[in-house]
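Close look at the chain arrangement
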Amino acid sequence: MSDPEVPPRSFEARVFWRLVTPFVIAVLVIAGSAAIVVNLSARSQDRLAAESSQPLVRALLSGFERDLDRLVYDNSWWDLAVENLVEDLNKEWADNNIGTYAAETFDISESFVLTPSDTTKIAYVQGVPSLEDARSYFGPDLDLLVQQSRAASMFEPVPASGYFLRDGMLHLVSVSALTLENPIGADTERHVRHVLVYGQQLSGALLDEISSGFGVDDLGIVFDTPPSVPSLLSTSLIGPGGAVVAWLTWKAPRPGSDLLAPLRVWRVVALIGVLALSLLFVHQVLRTARRVADHDRQLAEKDHQLAQSSKLALLGEMAAGVVHELNQPLNIIRMATEQTRMKFRAMDVGPDGQKVSSQLEIIAGQTERMAETIQSMRIFSRDDYGRKIAFDPARSVAQATEWLRPEFDERGISLDVRLAEPCGRVFGEPSRFEQVVINLLINARDAVQRGLDDSVSSDRAGIVRISVSDDPAREMVTIEVRDDGPGISPAHIDRVFEPFFTTKEPGSGTGLGLSISYGIVTGMNGTLLAENTGEGAEFRIELPRIMPADVAGASAAPIDLE
Ligand code: ADP
């Protein structure tokens, strides 16, 4: 029997690891390198996008500033505007065309006209006509823009614009002087010209437009210096005096990382998942194949054991028949011999008669021997006649080894005894069980002796090991007898339990020891198996454990269950 503590790796397990290990390493190396390359290119994409977002946002803002300048400039040249605003105030026209029209069409939130006396002529602030003074609305900085726009030549008017902060809101204001087509007299004096003012709030929808147009996130306005966070970019917004009024901020775009995000989450997880599943699948297939093979082997073993035990059961039945058939005539022979001998003794017979009498004595002796053999066969045929009790098998083994030890010592054979302490109880006749143990030990002793005698340069230790182990989980008690003799030859291993099978010299073996032991063990509902360990033979008895070792009184005195 091979050593059970170090099970050799199965063929399937070796194949599995040899195939899987290089595969897993290759996949990991490829996946790792790909991940590094992809990450590096994603980072450089992010850097490029962040660098280019600054001029893009700036360009968009300038475009937006230019559009407002153009609008106010175009309207200041518009004949109708001049007519309805300068020559005479047509309030309705002004409301519809300068105020509501600008608000609804161009999203302009403030528009008004300042007269040469710098009072508001018509004002449109967030859709509500207001007479509020434009200067008090935007503060003195508006004067700067008004002066700049009036300073421009009438024949070449230029709008002036800048950012304003008011009520926590940022506005871009553009101012242009209204220009008559044919100016005369005072019209040409720059400081007395009417000016048209358009203001646009930088808020919600407009910021969203910039943000979606250039793919920048979290676009916002801060009025203090923007925090120096690497992920946050900014550009300054300049007022009419040239000072910074506010900053436009946005989150640095990360197109590379964004592209990688779904890759990381889904593909990598999916790839690992698929890999793990396929490994699991291969493992399962190999495991199932191994289980099927194990199962087949176990079935074959069971079949073999079954065939063995049914053969032995048949032999047992035959033995019972033979015992019964032989007992009768044997008794008659014995009685007849006895009576004849008694008659001879009573008669005065001569030397011939003496001779016959001694022959009759030999017949009686041989009949006695035959009766004893037949008695042994009754045990093999499981002919129960003893008293069965619950007993401690370890104690029986201890007694048997104690009895045999001097014999072993005399031959220089070691006897190694290991007993479960305490041991569960089994059911049967202790004296018969002891007989089984003695049979096995004597056989082992003979085998070891044979091994020691046979080997020329003996490297054998000459040892017999007997152990009793208690397995509460399986409810079994196991008794193993191992020797380091020559073992049982493969041709004989299936026959050793047959009655009268012996390989010993005529006169030294009856061939009944193992068959009787088999009968006793199966009579206790146990099993007795023989196998070669590689070092010698092993006989294993397994007996059902009918009660645990710690049952009160069980170890002190056997319990009679009958
Ligand atoms: P006997 O001992 O009288 O021959 P057994 O029934 O006890 O009868 O044994 C039958 C045969 O089994 C033996 O003759 C021997 O060939 C074989 N045998 C039994 N025990 C061992 C053992 N420990 N090692 C090798 N062979 C064995």
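Scroll up for the structure.
Residues numbered from 1 in each chain as written. Predicted model: local features only at pLDDT ≥ 70, side-chain atom pairs only at ≥ 80, totals over all residues. Heavy atoms only, no water.

**Quick notes on the overall build of the protein**
Short version of the rule: Numbering of helices and strands runs from the N terminus; a helix is a DSSP stretch of H or I covering at least four residues, while a strand is a stretch of E covering at least two. Using a 1.4 Å probe on the protein chains alone, a residue whose accessible area is under 20% of its type maximum counts as buried, one over 50% counts as exposed, and one in between counts as partly exposed. Pairs of residues are marked as contacts when any of their non-hydrogen atoms sit within 4.5 Å. Only the protein chains shown count as covering a residue, and every accessible area follows the Shrake-Rupley method with a 1.4 Å probe.
For the protein, the count of helices and strands is 11 helices and 16 strands. Here the protein, with 562 residues, has 39% of them falling under the buried criterion. Of the contacts made within the protein by residues no fewer than 6 positions apart, 68% connect residues no fewer than 24 positions apart. As presented, the protein carries roughly 31,900 Å² of accessible surface, and 57% of it is formed by carbon and sulfur atoms.

**Regarding the environment of Tyr518**
For Tyr518, the position within the fold is in helix α11 (residues 513-523). Among the residues examined, Tyr518 registers a relative accessible area of 12% and is labelled buried. A C-alpha to C-alpha distance of 8.2 Å links Tyr518 and Val436, two positions 82 residues apart in sequence. Among residues more than four places away in sequence, those in contact with Tyr518 are Ser309, Leu312, Phe497 and Leu528.

**Notes on the nonpolar core**
Selection rule: To define a nonpolar core, start from buried Ala, Val, Leu, Ile, Met, Phe, Trp, Tyr and Cys residues and group those joined through side-chain atoms within 4.5 Å.
Residues Phe433, Leu441, Val464, Ile479, Phe497, Phe539 and Ile541 are the most contacted members of the largest nonpolar core, which totals 44 residues. Counting residues per element, the ones that place at least two in this core are β10 (389-391), α9 (393-411), α10 (430-454), β13 (463-471), β14 (476-483), α11, β15 (527-532) and β16 (537-544). Beyond its immediate chain neighbours, meaning those up to four positions away, Ile479 contacts Val397, Phe433, Ile466, Ser467, Val468, Phe539, Arg540, Ile541 and Leu543. Val57, Leu61, Ala81 and Leu248 belong to the second largest nonpolar core, which has 34 residues in total.

**Remarks on the packing of aromatic side chains**
Rules: For Phe, Tyr and Trp, rings pair up if their centres lie within 6.5 Å, where Trp contributes its six-membered ring, and each pair is then called stacked (planes under 30 degrees apart), edge-to-face (over 60) or tilted (otherwise).
Evaluated as defined, the whole model comprises 3 aromatic pairs. Between the aromatic rings of Phe391 and Phe433, the centroid separation amounts to 5.6 Å while the plane-to-plane angle is 55 degrees, which identifies the pairing as tilted. Of this pair, Phe391 sits in strand β10 while Phe433 is found in helix α10, placing the two residues 42 residues apart along the sequence. An identical accessibility class is assigned to Phe391 and Phe433; each is buried. Residues Phe497 and Phe539 carry aromatic rings whose centres are separated by 6.4 Å and whose planes lie at 85 degrees to one another, so their mutual orientation is edge-to-face. One end of the pair, Phe497, is in the loop between β14 and α11; the other, Phe539, is in strand β16, with 42 residues separating them in the sequence. A relative accessible area of 5% means that Phe497 is categorised as buried.

**What about the site of the ligand?**
The criterion, for reference: In these notes, residues near a molecule or strand are those with any non-hydrogen atom within 4 Å of it. Any pair of N or O atoms that falls within 3.5 Å is considered a polar contact. Within protein, one atom must be able to donate a hydrogen and the other to accept it, and sequence-neighbouring residues count only if both atoms are side-chain atoms. Gly falls in the polar group here, along with every residue not listed as nonpolar (Ala, Val, Leu, Ile, Met, Phe, Trp, Tyr, Cys, Pro) or charged (Asp, Glu, Lys, Arg).
Around the ligand, 19 residues are found, and the nearest of them are Asn443, Thr502, Thr503, Lys504 and Leu514. The contact in question runs from an oxygen atom of the ligand to an N or O atom on the side chain of Thr502, over 2.6 Å. One of the side-chain nitrogen or oxygen atoms of Thr503 is found 2.4 Å away from an oxygen atom of the ligand. Of all the secondary structure elements, the ones that give two or more residues to the shell around the ligand are α10, α11 and β16. Counting residues per element, the shell around the ligand draws most heavily on α10, which supplies 3 residues. For the shell around the ligand, a count of residues per class yields 9 nonpolar, 8 polar and 2 charged.

**Let's talk about the side chain of Asp483**
Relative to the assigned elements, Asp483 resides in strand β14. A polar side-chain atom of Asp483 sits 2.9 Å from the main-chain amide nitrogen of Gly485. If sequence neighbours within four positions are ignored, Asp483 has contacts with Ala444, Ala447, Val448, Ile463, Val464, Glu535, Gly536 and Ala537.

**Considering the environment of Gly99**
Note that Gly99 resides in helix α3 (residues 91-106). Among the residues examined, Gly99 registers a relative accessible area of 3% and is labelled buried. In sequence terms Gly99 and Ser109 are 10 residues apart; their C-alpha atoms lie 8.6 Å from each other. Once you skip the residues sitting within four places of it in the chain, Gly99 turns out to touch Ala94, Ser111 and Tyr124.

**What to know about the pattern of salt bridges**
For clarity, the threshold we go by: Any carboxyl oxygen of Asp or Glu that lies within 4 Å of a side-chain nitrogen of Lys or Arg is treated as forming a salt bridge with it.
Enumeration over the complete set of coordinates arrives at 19 salt bridges. For Asp392, the salt bridge identified is with Arg425, shortest N-O distance 3.7 Å. Residue Asp392 is found in the loop between β10 and α9, and its partner Arg425 is found in the loop between β11 (414-419) and β12 (426-428); the two are separated by 33 residues along the sequence. We note that Asp392, like Arg425, is buried. Put simply, Asp416 and Arg418 hold a salt bridge, and the shortest N to O gap is 3.0 Å. Accessibility expressed as a relative area gives 55% for Arg418, which makes it exposed. One salt-bridge network, held together by shared partners, links Glu407, Arg411, Arg445, Asp446 and Lys504.

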